[in-house]
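Coordinate analysis (summary)
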Amino acid sequence: FFKQKTAYEIKECDWSSDVCSSDLFVLLLIISLFSLGSLQAQESSNKITKLKYVRVYTDSLGESHFEDLTIDLNEIDFAPPAPPIFTSDLKPSSAYGFASVMPGWKSEWHPAPKRQFMFYLSGTIEAEVSDGEIRQFGPGSITLVEDTFGKGHKSRVIGSEQVVGVVIQLVE
C-alpha cells in the first residue's frame, strides 16, 4: 500500500511533498473505510452528506467544553478514473500517528498538546471537560481536540478492550 515510515521519518516529513501527502490521503481513506459502518453521519438519499464530530475547546476563562459539529461532504471527481466520492474540503496537517491505551488507563486533568483530530477505531474512552460534562467515544467517533490551554480534560478507558485510534495533528 504505502511505504512504512519510522517515527522519525513521519516527524521529519515534508508535508508539501507528493509522497507525504499521498500517505496522509491513504491513511485517511483507510480510516474512513474502516469506520464507515459505525460512523456518526447524517444520510440523505442513502448518501452521506454530513459527518458529525465533537469539538473539545477552551473558553476565554480557561474552562473546557464539548460542542457538536458537522462537516459537509460534497461529491467530487477526486481520483479519476475512479467514480466520484464524497469528501470534505482538504485541510493541511503537520503530523499523524496511531495511539493505543490499555484497559484501566486513566489521566488527570491536562490540556491537549496540540490541536488534533482523534479517530477512534476500537475500544471506548470516556472524556470529561471542566464544565462537568462527560461523554464516551468508541469506534467510528471523531473528536477535534482544541483545549490546548486552561484546565483541559481528563480521560479513561471504559471496559476491557484496548482503545486504538489515529491522531492527526493540525497546522497551527
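Every residue gets a number counted from 1 within its own chain, in the order that chain's sequence is written. With pLDDT at 70 or above as the cut-off, local features in this predicted model cover only qualifying residues; side-chain atom pairs require 80 or more to be listed or tallied, and sums for whole chains, interfaces and linings still use all residues. Each side-chain value is derived from all of the structure's non-hydrogen atoms; neither hydrogens nor water enter the calculation.

**Describing the overall build of the chain**
- Per the secondary structure count, the chain includes two helices and 12 strands.
- Where helices and strands are cited, they refer to DSSP runs of H or I of at least four residues and of E of at least two residues respectively, numbered from the N terminus. Order of helices (α) and strands (β) in the chain, N terminus to C terminus: α-α-β-β-β-β-β-β-β-β-β-β-β-β.
- With a 1.4 Å probe rolled over the protein chains alone, any residue whose accessible area is under 20% of its type maximum counts as buried; one over 50% counts as exposed, and the rest are partly exposed. Sorting the 172 residues of the chain into buried and exposed places 37% on the buried side.
- Working rule for contacts: check all heavy atoms of both residues, and any pair within 4.5 Å makes them a contact. For the chain, the proportion of contacts with a sequence separation of at least 24, taken over those separated by at least 6, is 65%.

**What to know about the sheet that holds strand 11 (residues 153–158)**
- Any two strands with at least two DSSP bridges between them are considered paired. If you trace the three strands from one edge of the open sheet to the other, you get 9-8-11, paired in antiparallel fashion. This sheet does not close on itself; its edge strands, each paired only once, are strand 9 (134–137) and strand 11. Mean inter-strand twist for the sheet, computed between neighbouring axes without regard to direction, equals 25 degrees.
- Looking at chain direction, strand 8 (residues 124–129) and strand 11 are connected through six bridges and run antiparallel. Opposite Val129, over in strand 11, you have His153 as the bridge partner. The convention used is that axes are lines fitted to C-alpha atoms, helices contributing only their stretch in contact, and that angles between N-to-C directions extend from 0 to 180 degrees.

**What about the nonpolar core?**
- Membership of the largest hydrophobic core comes to 15 residues, with the highest contact counts inside it found for Phe66, Tyr120, Ile125, Phe137 and Val163.
- Those elements giving two or more residues to this core turn out to be strand 2 (47–58), strand 7 (116–122), strand 8 and strand 12 (163–170).
- Examining the composition of this core, we find that three residues originate from one element, strand 8, more than from any other.
- Setting aside residues up to four positions removed in sequence, Tyr120 forms contacts with Ile125, Phe137, Gly138, Pro139, Gly140, Ser141, Ile142, Thr143, Val163, Val164 and Gly165. Within this scheme, the nonpolar core is defined by two criteria: the residues are buried Ala, Val, Leu, Ile, Met, Phe, Trp, Tyr or Cys, and they are joined through side-chain atoms within 4.5 Å.

**Considerations on the side chain of Gln169**
- Here Gln169 shows up in strand 12.
- Not counting the four nearest positions on each side in its chain, Gln169 is found in contact with Ser93, Ser94, Ala95, Lys114, Arg115 and Gln116.

**Comments concerning the pattern of salt bridges**
- The term salt bridge refers to a side-chain nitrogen of Lys or Arg lying within 4 Å of a carboxyl oxygen of Asp or Glu. Applying the stated rule across the entire model yields eight salt bridges.
- A salt bridge links Glu146 to Arg55, with the shortest nitrogen-to-oxygen separation between them at 2.5 Å. Of this pair, Glu146 sits in the loop between strand 10 (142–145) and strand 11 while Arg55 is found in strand 2, placing the two residues 91 residues apart along the sequence.
- Here the residues in one salt-bridge network are Arg55, Glu67, Arg115 and Glu146, joined through shared partners.

**Remarks on the pairing of strand 8**
- The pairing of strand 8 with strand 9 spans four bridges and is antiparallel. Counted as the bridge partner of Glu126 is Gln136 from strand 9.
- Here strand 8 hands over to strand 9 after four residues, with Gly132 in that stretch at a positive phi of 100 degrees.

**Structural notes on the confidence of the model for the chain**
- Residues at a pLDDT of 70 or more form 74% of the chain, whose mean pLDDT is 83.
- Across the chain, each position has a pLDDT score giving the predictor's confidence in that residue, from 0 to 100. Under a pLDDT of 50 for its full length, residues 1–12 has, in the predicted model, 16 contacts with residues more than four places off or in other chains.
- Predicted confidence is poor over residues 33–39, with pLDDT under 50, and the contacts of this stretch with residues over four places away or in other chains come to nine contacts.

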